[in-house]
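Listed below, chain by chain, are the residues.
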Amino acid sequence: MHEVRTVTYRAAVLEALSAEMRRDPNVVLLGEDIGAAGGVLKQTDGLFAEFGAARVIDTPISESGAFGMAVGAAMTGLRPVFEVMFGDFITLVMDQLVNQAAKVHYMSAGQFRVPLVLRTAGGIGANLGAQHSQSLHAWVAHIPGLKVVMPSTPADAKGLMITAIRDDNPVIYFEDRMLYTQRGAVQGDDQSIPFGLADIKRVGEDVTLVATSRMVGVALEAAARLVEEGISAEIVDPRSLVPLDLDTIVASVRKTSRAIVIDGGYLQYGVTGEIAAAIAEHAFDWLDCPVLRLGAENLPVPFSKTLEPLFLPDSARIAAAAKALVRGDAIPGGNYG
Amino acid sequence: MASGATLDWRAQLAVFERMLLMRHFEEAVMRLFKEGHLPSHYHVYIGQEATGAAALEAIDKEDLICTTHRGHGHVVGRGADPGRGLAEILGRSTGFNGGRGGTLHLCDRSHNFLSTSGLVGSCAGLAAGAAYGVKTLGQSKVVAAFFGDGSLEEGLVLEVFNIAGLWKLPLIMVCENNSGGAIGIQGGGYPTSVTSAQHLSRIPECYGITTAVVDGTDVVEVYEALIAAVERARSGGGTTFIEAMTERWPGNQGLWPELATATDLRDAWDPSRSAGPHAKWLQQYDPVLRLARELVAGTMASQEDLLALDKKVRDRIDAAAEFAIASPPPTADTAADGVFAS
């Protein structure tokens, strides 16, 4: 039996990192301010003290060069976990990620593997403005050769990080910084969670809410509201976008006949559109109504406290949309009117 | 090898053979293109052979190498099978990358090459990362990166200079400057190196990296610089940047390579043979002819010896081309293999 403890999301990721670093001396961390400083959100706190400067490495503010180096290091047998301080900054590593990391194994006909994790935290909620609040996971989910995971709970955060580090492919691990203080149960250090295995966070009958990362918690709140309306929502958390567990999503929609896909990324050309299209392809005959998408508004994240909270759907809006689907009413409009 | 080591006559002959392999390989690529076998654009290494061949002589077999889109020469010069190289350039299943890479990405790991990037400057990041990797893993290997002068226009390369300087990486950055004599935009040609820096080596120098500028057609000069750099890297002295100056081959002035000159070793000792618009390049800048001339003048080899060696290499390349042409392309059912490592 494994000891079950309640820890924060941030601590759960830290547990996975330290356990894997103890288990495998080839696991190294690279990033900005992650060493003695312990990370700008204390997300690497204590690792420098335990593993030292040779394995917890502060890089200059040179995301492109340093990440390119992580790809080269992975080719020699290290297993780097590279931190990009803000999710918005993955734009700075994009060439090395898309044109190197994603393609080395395929292009070399398997001569090289690139076992590395790119870890980054995104999401709105800290009034950081348009360049420090985005959720750009759809950018990388578009690229064959990259795996993409989005843990929503401490247990998933720990289990998916263990799997990410042990995977022989580049894995992009998206955290939401507003989840860092959320608490939840975790188990021992070998409790890995396989990629491509969705988790049903709530069982229900009337409507399927496919939700990612922070939106899982918002969807759970919406489900509680819907109970008062006599509506039972099922919540499916894909956990990994690539690979995607379409079977679990489709089975749920075939059961409920209704689906809303909810994600913190932009709606235009985004994750919600991809999953909604897959549902339409594989569960069309079971659907009672169109598949709905809820996500970030298609605009730069506004700074003002009056505007930022409206940027993502809240539980009231998700509940209203679900109720409209179940009752056959008109679908309510967006947050900004 | 000890510091100050130089190339003895045997080693010079070995370097010369590497250069002939590089040269005739590229001439075969151009011939195969003319015959309609190549599906794509390509870049040739002609004119820079002395740099690559002398560098490869100084770098141990176990050391890692990263090259670029102009990397055919490094790959075959290091001993990788030219047949598999040509097969890859033709997109055949027998190629180094099984037809997945092509001319821009030739990579033979069994000869200790890293994955080859076709993006200008990226090689610097991958090689520096490998240098960090071997250092962290406690291996005695060093890493050599070959790239062109245009790479110094990329921000990533400047970032890597900074990190390599800070971390004292066991890295040798060989900048093959082939912009000498290039027409460039001003002359109505395609862009070549565009930089406000007067001396490229001063850029890495700012970051505390040891630098050297050598004549890239002089095998002895290149070799000695590389030997010093390898020794520095292996002994913990950090990164060296070597700028090897070459005069652009006339066939590389345009967007597509043209066989402006065809190699004939007899031009080396009979300058009257190399008439025509490119006579100056042949007589002054062709590194193959230069070394042939020096080997004969220094009585390290006779004309007949060199012509016999040339014939041997040509025959080997001809056989490699036949192998490539006869090789089957990959089948459609394998296209999706290896997107992910399993």
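Residues numbered from 1 in each chain as written. Chains lettered and ligands numbered in written order. Predicted model: local features only at pLDDT ≥ 70, side-chain atom pairs only at ≥ 80, totals over all residues.

Some details on the packing of helix α3 (residues 63–76) of chain A against helix α6 (residues 155–167) of chain B
Look at α3 of chain A against α6 of chain B: their axes get within 8 Å of each other, and the N-to-C directions meet at 75°. Classified by the angle between their axes, α3 of chain A and α6 of chain B sit roughly perpendicular to one another. Of the residues in α6 of chain B, those touching α3 of chain A at S64, G65, A66, G68 and M69 of chain A are G155, L156, E159, V160 and I163 of chain B. Within the contact of α3 of chain A with α6 of chain B, the residues separate by chemical class into five nonpolar, four polar and one charged. (Axes fitted to C-alpha atoms, helices over the stretch in contact; angles between N-to-C directions. Helix = DSSP H or I, 4+ residues; strand = E, 2+ residues; numbered from the N terminus. Parallel < 35°, antiparallel > 145°, perpendicular 65-115°, else oblique. Contact = placed C-beta atoms within 7 Å. Nonpolar A, V, L, I, M, F, W, Y, C, P; charged D, E, K, R; others polar.)

So, the sheet that holds strand β1 (residues 64–66) of chain B
All names here are of chain B. Here we have five strands laid out as an open sheet, ordered β1-β2-β3-β5-β4, and parallel in their pairing. Unpaired on one side and paired on the other, β1 and β4 (210–215) mark the two borders of the sheet. On average, each strand axis in the sheet is tilted by 20° relative to the strand beside it, whichever way the strands run. Two elements, strand β3 (residues 171–180) and strand β5 (residues 240–247), share seven bridges in a ladder whose sense is parallel. For E176, the partnering residue across the bridge sits in β5 and is A244. The strands that helix α8 (residues 219–234) touches are β3, β4 and β5; relative to β5, the one it contacts most, it runs at about 165°. (Pairing = 2+ DSSP bridges.)

Comments concerning the sheet that holds strand β3 (residues 56–58) of chain A
Residue and element names in this part refer to chain A. Taken in spatial order, the seven strands make up an open sheet running β3-β2-β4-β5-β7-β6-β12, and their pairing is mixed. What marks the edges here is a single partner per strand, and that holds for β3 and β12 (240–242). For this sheet, the mean inter-axis angle between neighbouring strands, taken without regard to orientation, is 20°. Bridge count between strand β6 (residues 147–149) and strand β7 (residues 171–176): three bridges; the pairing is parallel. Its bridge partner being in β7, V148 is matched across the sheet by I172.

Details of unusual backbone geometry
Residue and element names in this part refer to chain A. Of note, the bond from V242 into P243 is cis; its omega dihedral lies within 30 degrees of zero at 0°. When you line up the elements, P243 lands in the loop between β12 and α9 (246–256). Even without being a glycine, Y269 presents a positive backbone phi close to 50°. Among the secondary structure elements, Y269 is positioned in the loop between β13 (259–266) and α10 (271–283). In this structure Y269 comes out as partly exposed when scored by C-beta crowding, with 13 C-beta atoms within 10 Å. (Buried ≥ 20, exposed ≤ 12 C-beta atoms within 10 Å, placed from the backbone.)

Some remarks on the interface of chain B and chain A
The partner chain A presents 36 residues to the 33 residues of chain B that form the contact. Looking at the side of chain B that touches chain A, the elements that each hand over two or more residues are α5 (122–136) and α6 of chain B. Per-element tally for the side of chain B that touches chain A: the top contributor is α5 of chain B, with 11 residues. When the residues that make up the side of chain B that touches chain A are grouped by side-chain class, the tally is 16 nonpolar, 14 polar and three charged.

With respect to the nonpolar core
If you look at soluble globular proteins, the nonpolar side chains tend to sit buried side by side. Residues L209 and A322 of chain A together with A127, A145 and L226 of chain B are the most contacted members of the largest nonpolar core, which totals 202 residues. Taken domain by domain, the makeup of this core includes at least three residues from each of domain 1 (5–186) and domain 2 (199–327) of chain A. When sequence neighbours within four positions are dropped, the list of residues in contact with A322 of chain A reads V207, L209, A222, L226, I231, A233 and I260 of chain A. Residues Y266, A296, V301 and L312 of chain A belong to the second largest nonpolar core, which totals five residues. (Core = buried A, V, L, I, M, F, W, Y, C linked by C-beta atoms within 7 Å. Domains from an automatic or database assignment.)

Re helix α12 (residues 303–326) of chain B
Residues and elements named next belong to chain B. Helix length check: α12 (24 residues) gives 34 Å between terminal C-alpha atoms against 34 Å at 1.5 Å per residue, within 8%. Those residues of α12 that sit buried are L306, D310, V313, I317, A320, A321 and A324. Buried residues belonging to α12 abut α1 (9–34), α4 (82–89) and α11 (287–297). (Expected span 1.5 Å × (residues − 1).)

Some details on the domain arrangement of chain A
Many descriptions give the size of an interface as the accessible area lost when the pieces come together. Residues and elements named next belong to chain A. Domain assignment breaks chain A into domain 1 (5–186) and domain 2 (199–327). The straight-line distance from the C-alpha centre of domain 1 to that of domain 2 is 26 Å. Counting from both sides, the interface comprises 25 residues of domain 1 and, opposite them, 24 residues of domain 2. Elements supplying a minimum of two residues to the side of domain 1 that touches domain 2: α6 (137–141), β6, α7 (154–166) and β7.

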